[in-house]
Structure formats: C-alpha cells, structure tokens
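# Reading the structure
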Amino acid sequence: MAVESTLPTPVRTPASDKDAKALQFIEEMTKNVDSVQERVLREILGRNAETEYLKRFSLNGATDRETFKSRIPVVTYEDIQPEIQRIANGDKSPIFSVHPISEFLTSSGTSAGERKLMPTIHEELDRRQLLYSLLMPVMNLYVPGLDKGKGLYFLFVKAETKTPGGLLARPVLTSYYNSDHFETRPYDPFNVYTSPNEAILCVDSFQSMYAQMLCGLIMRDEVLRVGAVFASGLLRAIHFLQNNWKQLAHDIATGTLNPKITDAPVRECMRKILKPNPELAQLVTMECYEENWECIIKRIWPRTKYLDVIVTGAMAQYIPTLEYYSGGLPMACTMYASSECYFGLNLNPMCKPSEVTYTIMPNMAYFEFLPHGSSTSCLVDLADVEVGKEYELILTTYAGLCRYRVGDILRVTGFHNAAPQFRFIRRKNVLLSIESDKTDEAELQNAIENASLLLKEFNTSIVEYTSYADTKQIPGHYVIYWELLVKDLAIAPTDDVLNRCCLQMEESLNSVYRQSRVADNSIGPLEIRVVENGTFEELMDYAISRGASINQYKVPRCVSFTPIMELLNSRVVSKHFSPDLPHWTPERRR
Ligand code: AMP
C-alpha cells in the first residue's frame, strides 16, 4: 500500500496562538527533562510524606532521589494489592496519597482473573487533559486545515461498578468522558467531533455505536479524520457498518430513528440531527451493497486525511486490515497512556506505524527504567536511558503508586531535545490479545486445565497445545490448537463435548476477556482446532531445522509465524466453537 506517498509534508508553524503555547510547553518539558523529573519527585514525596506507605519505608520526609531509591522497593500490583483492597473496602486513611482517592481506574491488565484497580485522585484528570491538549497542536503541524471539518471518532464508555467501600471503579476513558473536563471542554475548531456527547456517554454499546455511525454518515462531507482509541475499535465500527448499513440507510432516507435506539438522551439529540436525506441514503446503500469493501473509508468519507488509531504494540496485527479498508491512509498513533498514568505523545504522528516513537512527558509522573533482564537495583532515570537499549517502565505517580512496574517494555530510539523517545516493544507476559484483553501464559494454562477436566470421562487428555489470536475476521477470536490422546476410540469426545470445552476455557479466562465477549461483542467465540497426532513433534522438528536446540526446545504457547500456522492448519482434523457466551457481570468476584 502506498502509505508513504500519502504522508503530508510538515507545515511546521503553529496553527494558532494556543497551539504555539502548547508547542512551547513541549519544548520546555523536553529540554529540561531531568530538572522537571527532580521537581516531580520532590512534589510527590513532599505532599505524601505522611502517608502510611512512605512512612513504612522510613522516608522521614526525604524528597531526594537517592534516599527514595535506597528505601522504597520496586513493586508489582500483587505487592500492593492488600493496600488497594483496603481502600476498595472503604479505608479512607492516607495509605498511598494524602489526597482522597476519587475513584479506581480499572486497568485492562488483570490480577487473579480480575481487572487491576488503580487508585486515582481528582487532579489526575488535569494531567490527562493537559496531555490531550498537546495532541492537536502537534498534529496541526503536519496536517493543515483540520479546522475545516470534523473528526469521526468512535468513543465509548463501559459499565461502571462500585467497590464495597463505595468508590467507583471504571476504565480510565469512561472516567474521562464522564468528567466535566470532557463534557464542558471549550470549543476548539481543530477538535470537533461528529459524535454528540450523548452518544459517547450511552453505556449500551450497540446504541452508542449506532448513533455515532449515523452521525458520521450524516456528516460525511465534513469528516476529515476517522478514528478510535485502538485499531480494534475502528475495525469493530467498520464491521458494525457491514451489519447495519441497511437500517442506517433507512433511517437516513426517512429521517426516522431505528426503534432499537431507546436511550432517551440519544433519541433526543438524534432528533435534532437526523433529517430525511434520500440522496445520502442512496449513496450509503450503493457503497455498502458492494461485496468489495476495499477503500470503504475513503469511499464513504472522501475527505479523510488520516486515521487516528493506535496501531503499535498488540494493535500492529490490524495494520493490513486497516490499510485494506482505508486504501492506505496514514495511521496516526498519537499517544501512549495507561490507567496508572498518561505517559506521553508521538511528536511525529504521521510517520509510518513501524517508526512510531513516544516521547514521555516528564511532568506526568516520576519515571524510572529497569534495563531489560537486569535486577531491580539497576534502575535508570528518564534522562539517563541509552539509545538502542530496552527497558521496563517503572512509575511513581501523584496518586501514590511508588516505583510501580507497569509491565511495558520500551526501546529508546533517540531523543527530542533531552527527552528520550521510546518505541513500544511489548507488554510483558501477554500471550494473546484481540482488543483490550491481555491473556498470559498462566491464564491460558489454567483454562486448558479446566477444559481438560471435561475430557476425563472420555478417557482423553490434551497432549500439547498452542494458541493464535485470529484477527482476520471481525471480531477476532482466540484459536487453540489441541493435540489429543484418545485412549478409547469407542468413547472419543463428541463435537458437543469439544464445543463445551471451548466455553469452559472462556469461563476460565479473565474478566476483561469475558466482558469483551459479553458486553462489547468485540471478541468472537473461542475456537478449538484438534490436530492430528504427531503434529507438535513436527512443530519441534521444524524449529530444530531452523536452529533451535533440542535440549532447550519448548512448545510455543502462542504462534503467528506463517510456516508454523500453515503446518498446524494443514493438520487440523476438526474445529469446534464455543456454543454460548461465558458469564460476565460488572461486579468483581472479590
Ligand atoms: P490500560 O491500563 O488498560 O489502559 O492499558 C494500558 C496499556 O495499554 C499500556 O501499559 C500499554 O501496554 C498499552 N498501550 C497503551 N497505549 C499504547 C500505545 N500507544 N502503543 C502500544 N501499547 C499501548
């Protein structure tokens, strides 16, 4: 695809005074990385000096790096889970932060099958908004004229829940979209969305998507950029259009809203936007009726200059499909963020996906870096990382996380002023990911073990297994390859039993996976492919023929390399799918 040829030349002059200020801020931050980091640590430790956590490690009010590094341990979520549980249960004493914990942000990372709970404080919303406010000024340097139209962004909120102590627990974006910061954001001609707030804030994912798509179609002539947070979200929207274009076209033709949209605020705002437009309905019908959906984004939204979606990390698997649907439009990965903290932004957002680097903003938190594979005594500061090296990101936040291992592995590719720029390499321990789900090896193993219990009465066991995230179709789904040992052919497990094994595996997977299956429909039914006996030995032979050592060979628990996929797929004897949805409710199990 001609991605490069469509890249615009940077304009390099700020689009407005407001942009000039934002760009100036980025320059200041990136020139003074180390002093900003020193100040941030001083502020965090100074204000939190009286917290239980810092007192436990006898920081005694010290705010300097040396004392901090020598006394405070590097921790994982599991290490601080008891304190988090106390906060969730209603303990309001200053455990991590002197500022009250305003809510929990539910990370897509999991611990013991449940979403991690990240305590946050109200002022963190300002920091998140600050980072958001830097994105368009940078983009305007590269893509002129974004004030001459709108952005079609598919943005969603998810179900919220309350902890036993009464604190809200919800994803960071749900928190942000529900905040005054988002709802009463000042008008910015460079950042106008086609989606009304009412549609974004509708918790029912079908109704929300329907209304957002309808608005996108109605305002098609104004759309200059199309996006979602992650690539998987944008592909879900395209798939939604494939499934619903007839009804959408009907609504546009008649000016009436699909009766399935029952949410009162959405109906009310759509009443103002939706007017009969048979011509547009015909155009939508003509484009969507075609079997061939190549370039559909450009065909329906012809003024689109770029896609705004994250395609780095686990999302890179979606690049070819997005290129197909968009006809090779540039894909801008604008920021790098998490529930714990928003980290930074891409200062060259129109670069190729493979060249994306993120510049961490030193004002967001105090950052340390663990050289990959080293012990936790060798942490390096943000200003001291070295080009070419890989590090694990460690965070100390205003909300009170101290030397917390995020689990992301980053490689330094260069510097902007004194600020290092990082390529996102991978998330530690993640085997399978379709969307925001992150399934690790232990979770997969546990799911396999649970499913294998169903095979016992058929005198059958699982000899070997591996997995694959199949994202060729939307929604993507997990594929698990099984080699079985059927000890008594007369009672071999039936298709029905193997289907139930699929469901049993899904029941065993973490709550983010199950939520994606049940509430968001963003992951399809899990599939088991039974392969011929001896297939995994062939897999080993193949690996050894390519230089693997026999002694050290381990069955890969996740595969994607084409020759291996071809080998596995050519040995498949039967395919089975989960016949039902697994259980999921917003409530946590613990
Ligand atoms: P969550 O806490 O659920 O919001 O997930 C945050 C995680 O998503 C990060 O720690 C990364 O692993 C991943 N992530 C966020 N932004 C990006 C990005 N721009 N590129 C790659 N991975 C990302």
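Predicted, not measured: the structure shown is a model, and the values here were computed from it.

In this section: the packing of aromatic side chains. Inspection of every chain in the model, using the stated rule, returns 21 aromatic pairs. Look at Trp 245 and Tyr 289: their rings are 6.4 Å apart centre to centre, the planes differ by 90°, and that puts the pair in the edge-to-face class. You can see Trp 245 sitting in helix H11 (residues 231-254) and its partner Tyr 289 sitting in helix H13 (residues 278-289), a full 44 residues away along the chain. What links up through ring pairs into an aromatic cluster is the set Tyr 132, Tyr 176, Tyr 177, Phe 182 and Tyr 342. Above the face of the Phe 182 ring, Arg 185 is positioned so that its terminal group lies 4.0 Å from the ring centre. When the ring centre of Phe 156 is taken as origin, the NZ or CZ atom of Arg 236, which lies over that ring, is 5.5 Å away.

Summed over the entire model, instances satisfying the criterion amount to 37 salt bridges. Notably, a salt bridge pairs Arg 39 with Glu 43, separated by 3.1 Å at the nearest N-O pair. Residue Arg 39 and its partner Glu 43 are located together in helix H2 (residues 33-47), separated by 4 residues, close to a single helical turn. A residue is classified by how much of its surface remains accessible, and Arg 39, at 30% relative accessible area, is partly exposed. Residue classification places Glu 43 among the partly exposed residues on the basis of a relative accessible area of 33%. Residue Glu 527 pairs with Arg 529 through a salt bridge whose shortest N-O separation is 2.8 Å. Per residue, the accessibility class of Glu 527 equals that of Arg 529, and both read buried. Several salt bridges share partner residues, and in doing so they unite Asp 34, Arg 65, Lys 69, Glu 368, Asp 381 and Arg 403 into one network.

With that settled, the discussion passes to the site of the ligand. Neighbouring the ligand are 17 residues, the closest being Ser 108, Thr 312, Met 335, Ser 339 and Asp 408. Calculation on the ligand without its partners gives an accessible area of 490 Å², and the protein chains cover 90% of this total. Looking at the shell around the ligand, the elements that each hand over two or more residues are strand S1 (101-111), strand S9 (335-337), strand S15 (404-416) and strand S16 (419-427). If you tally residues by element for the shell around the ligand, the top one is S9, at 3 residues. Class assignment for the residues of the shell around the ligand results in 7 nonpolar, 6 polar and 4 charged.

Basis of the calculations
Residues numbered from 1 in each chain as written. Predicted model: local features only at pLDDT ≥ 70, side-chain atom pairs only at ≥ 80, totals over all residues. Heavy atoms only, no water. Phe/Tyr/Trp six-rings, centres within 6.5 Å; stacked < 30°, edge-to-face > 60°. Helix = DSSP H or I, 4+ residues; strand = E, 2+ residues; numbered from the N terminus. Lys NZ or Arg CZ within 6 Å of the ring centre and 35° of its normal. Salt bridge = Lys/Arg side-chain N within 4 Å of Asp/Glu carboxyl O. Buried < 20%, exposed > 50% of the residue type's maximum accessible area, 1.4 Å probe, protein only. Near = heavy atom within 4 Å. Areas by Shrake-Rupley, 256 points an atom, 1.4 Å probe, with all protein chains shown as cover. Nonpolar A, V, L, I, M, F, W, Y, C, P; charged D, E, K, R; others polar.

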